[in-house]
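So the chains spell out like this:
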Amino acid sequence: MSGKPILHYFNGRGRMESVRWLLAAAGVEFEERNFETAEQRENLIKSGKLMYQQVPMVEIDGMYLVQTRAILRYIASKYNLYGKDLKEQALIDMYVEGMRDLYDIIMLQPLCLPQDRKETLRVIAERANQRFLPVYEKALKDPGKNYLVGNQLSWADILLLEFILMVEECKPGILSAFPKLQEFKARISKLPRIQKFLQPGSQRKPPMDDQAVEEATKIFNLEKGLYVKHKGVILADF
Amino acid sequence: MAVKPMLHYFNGRGRMESVRWLLAAAGVEFEEKILKSAEDFENLVKGGNLMYQQVPMVEIDGLNLVQTRAILKYIAAKYNLYGKDLKEKALIDMYVEGMRDLNEMIMYYPLCYPGEEEKNLNFILERATERFFPVYEKALKSHGKNYLVGNQMSWADIQLFEAILMVEELKSDILSAFPKLQEFKARMSKLPSIQKFLQPGSQRKAKMDGKNLAEAKKIFKFD
């Protein structure tokens, strides 16, 4: 029994990518059991290990953790990436929750209809520029402020780097009006564990291409899912 | 000087209702600044205290907390409703995150496309009875205790109680196949702080109707 966390998902970013980032940044080696077919996913469901029959799921410390936020909070707390008191935790929570709103839109963007893609990308860029990036730029404004909260690395910093890289994939040059974020990006990327994760061959997953979208659609029965759609935020059944 | 938490939102349930439930169940008195017009909301945004120019926002302990989960987590931790160790926290998190998924579906239901009401309603009820309630029924059955986690009241219990009531508003006999949840509901209903919140005249908000939806659309400028 190696004791390494085991991540159950498909071979793509989706909702598991933030978990991979966090574990990597914490220097925690982990294994992945990626299912490749709908049948494999169904077998996992039948095993009873998925509380809500959904992934992501992470086997860690004798638990089968599900729900992305529950997983991330556990890892952050365990590896001292969650600030030093309740108020720092609240600040970290506000930062990561804000990112997640836009993150979900970016994550689902490859699945949107081709005719909607351009508008979706435009909305992503606009929200990033106007609502989210300014918040983090401001948080890093004071001289000597290397991290978002409490002057030590927290999961807010790690997810912010992930977030920046994902937004840049949607709109290169998005950081042009945010000098502090540019410095932040450079600085956090240089941390040894993060540098390692950014190397080719690491467990980081690439953006979804059309083939990956097709595979995910099959594995998750996406066409049969039901959507409650509002203002471009799809609450999808997967 | 104990300053009461101040909740900033419109006069409806939306994303703030879970916060009201948590504070009420914890016996924490709170005040509300109710947004009544688009101008009220714009002024609040201009005030610079909304990190992402969004509500809910709760002023508490010198912080302007935004993002529903951040608010709920802070309150839960502060008032000892978050378990006693990391593993209990993880269990509570898994439970409340599932409940939040259900909560969101119900919250968005009035916004669904005309003609799709029945489809969406059935989807919500199916999810409640097949994905979410069985989990909590099983948890209560497996340990036989009164609360979901660690034999003491937590955020998960309060969130579950709220979820049950909301689903019952859509289908009154939704708990018919869940005896443990029925007992749970009865037990929770009797707690003094919850009983108080269930009285007419409390700060609990009414279920969204057409008028309330129109109000929200006007204030937050969406359609």
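Quantities reported herein were computed from a predicted structural model and do not represent experimental measurements.

This brings us to the overall build of chain A. What chain A contains, in helices and strands, is nine helices and six strands. In terms of overall size, chain A behaves like a compact globule, its C-alpha atoms giving a radius of gyration of 18 Å where 238 residues would be expected to give roughly 18 Å. Buried residues in chain A amount to 51% of all 238 residues. By sequence separation, contacts in chain A at least 24 residues apart represent 64% of the contacts at least 6 residues apart. Summing over all exposed atoms, chain A offers an accessible surface of approximately 11,200 Å²; the carbon and sulfur share of this is 50%.

What follows covers the confidence of the model for chain B. Taken as a whole, chain B shows an average pLDDT of 96; of its residues, 100% reach a score of 70 or greater. The ipTM for the predicted assembly is 0.95, set against a pTM of 0.95.

This part takes up the sheet that holds strand S4 (residues 63-66) of chain B. All names here are of chain B. Sheet architecture is open: four strands sit in the order S2-S1-S3-S4, paired in mixed fashion. Both edges of this open sheet fall to strand S2 (31-35) and S4, since each of them pairs with a single strand only. Taken pair by pair, the neighbouring strands of this sheet meet at an average axis angle of 20°, ignoring direction.

For the rest of this paragraph, the subject is the confidence of the model for chain A. Per-chain confidence: chain A averages 91 in pLDDT, with 92% of residues scoring 70 or above. Segment residues 224-238 of chain A is flagged for pLDDT under 50; beyond a separation of four residues in sequence, or across chains, it makes 37 contacts in the model.

Moving on: the UniProt feature "domain: GST N-terminal" (unreviewed entry) in chain B. Per the UniProt annotation, the sites labelled "domain: GST N-terminal" (unreviewed entry) are residues 3-83 of chain B. Within residues 3-83 of chain B, the helical portion is 36% and the strand portion 22%, while the C-alpha atoms at the span's ends are 26 Å from each other.

The element helix H1 (residues 17-25) of chain A is extensively covered by neighbouring structure, given that nine of its nine residues are classed as buried. Where H1 of chain A ends, the next residue or the one after it, Gly27 of chain A, has phi of about 75°, a positive value.

Counting across every chain of the model gives 22 aromatic pairs over all chains. Ring plane angle 70° and centroid distance 6.0 Å describe the contact between Phe35 of chain A and Phe220 of chain A, whose orientation is recorded as edge-to-face. You can see Phe35 of chain A sitting in strand S2 (residues 31-35) and its partner Phe220 of chain A sitting in the loop between helix H9 (210-219) and strand S5 (227-230), a full 185 residues away along the chain. As far as the burial class goes, Phe35 of chain A and Phe220 of chain A line up, both buried. Each member of the aromatic cluster is reached from another via a ring pair, and the members are Tyr95, Phe132, Tyr136 and Phe163 of chain A together with Tyr52 of chain B. Above the face of the Tyr103 of chain A ring, Arg100 of chain A is positioned so that its terminal group lies 4.5 Å from the ring centre. The ring of Tyr82 of chain B has Lys89 of chain B lying over it, and the distance from NZ or CZ to the ring centre is 5.3 Å.

A few words on the nonpolar core. In terms of nonpolar packing, the biggest core is built from 161 residues, with Tyr95, Tyr136 and Trp155 of chain A together with Tyr95, Phe133, Tyr136 and Leu148 of chain B touching the most fellow members. Mapped onto the domain boundaries, this core takes at least three residues apiece from domain 1 (6-79 + 198-220) and domain 2 (86-189) of chain B. Excluding residues within four positions of it along the chain, Trp155 of chain A makes contact with Leu22, Leu72, Arg73, Ala76, Leu81, Tyr82, Ile92, Asp93 and Val96 of chain A.

In this section: unusual backbone geometry. Looking along the chain, the bond that leaves Val55 of chain A and enters Pro56 of chain A is cis, with omega of 10°. With respect to the element layout, Pro56 of chain A can be found in the loop between helix H2 (38-46) and strand S3 (57-60). A cis geometry characterises the amide bond from Val55 of chain B onward to Pro56 of chain B, with omega recorded as 15°. Here Pro56 of chain B lies in the loop between helix H2 (38-46) and strand S3 (57-60). Phi angles above zero are rare outside glycine, and Gln67 of chain A is one such case at about 70°. Notably, Asn80 of chain A is not glycine yet its phi reads approximately 60°, a positive angle. Assignment of secondary structure puts Asn80 of chain A in the loop between helix H3 (68-78) and helix H4 (86-108).

The next thing to look at is the domain arrangement of chain B. Residue and element names in this part refer to chain B. Parsing chain B into structural domains produces domain 1 (6-79 + 198-220) and domain 2 (86-189). On a C-alpha basis, the centres of domain 1 and domain 2 stand 22 Å from each other. Across the boundary between the two partners, domain 1 contributes 19 residues, which contact 18 residues of domain 2. Regarding the contact of domain 1 and domain 2, the summed buried area is about 1,700 Å², with carbon and sulfur atoms giving 62% of it. Among the residues domain 1 hides against domain 2, the three largest losses belong to Arg15, Trp21 and Arg69. Together they make up 32% of the total. The interface formed by domain 1 and domain 2 holds four salt bridges in total. One salt bridge in this structure joins Glu104 and Arg15, with 2.3 Å as the shortest N-O distance. Linking domain 1 to domain 2 there are eight residue pairs in polar contact (both at pLDDT 80 or more).

Another point: the pairing of S4 of chain B. Direction of pairing for S3 of chain B relative to S4 of chain B: antiparallel, over a ladder of four bridges. In the sheet register, Met57 of chain B faces S4 of chain B, and the bridge partner there is Val66 of chain B.

Let us now look at the environment of Arg117 of chain A. Residue and element names in this part refer to chain A. On the secondary structure map, Arg117 appears in helix H5 (residues 114-139). Judged by relative accessible area, which is 26%, Arg117 ranks as partly exposed. With near-sequence residues (within four places) excluded, Arg117 lies in contact with Gln109, Pro110, Leu111 and Cys112. Within the structure, the side chain of Arg117 is placed 2.9 Å from the backbone oxygen of Pro110, a separation counted as a polar contact.

The rules behind each value
Residues numbered from 1 in each chain as written. Chains lettered and ligands numbered in written order. Predicted model: local features only at pLDDT ≥ 70, side-chain atom pairs only at ≥ 80, totals over all residues. Heavy atoms only, no water. Helix = DSSP H or I, 4+ residues; strand = E, 2+ residues; numbered from the N terminus. Rg over C-alpha atoms; globule rule 2.2 N^0.38 Å. Buried < 20%, exposed > 50% of the residue type's maximum accessible area, 1.4 Å probe, protein only. Contact = heavy atoms within 4.5 Å. Areas by Shrake-Rupley, 256 points an atom, 1.4 Å probe, with all protein chains shown as cover. pLDDT = per-residue confidence, 0-100. Pairing = 2+ DSSP bridges. Axes fitted to C-alpha atoms, helices over the stretch in contact; angles between N-to-C directions. UniProt positions renumbered as here; feature names shortened; annotations may be inferred. Phe/Tyr/Trp six-rings, centres within 6.5 Å; stacked < 30°, edge-to-face > 60°. Lys NZ or Arg CZ within 6 Å of the ring centre and 35° of its normal. Core = buried A, V, L, I, M, F, W, Y, C linked by side-chain atoms within 4.5 Å. Domains from an automatic or database assignment. Buried area = accessible area lost by both parts, 1.4 Å probe. Salt bridge = Lys/Arg side-chain N within 4 Å of Asp/Glu carboxyl O. Polar contact = N/O pair within 3.5 Å; in protein donor to acceptor, adjacent residues only side chain to side chain.

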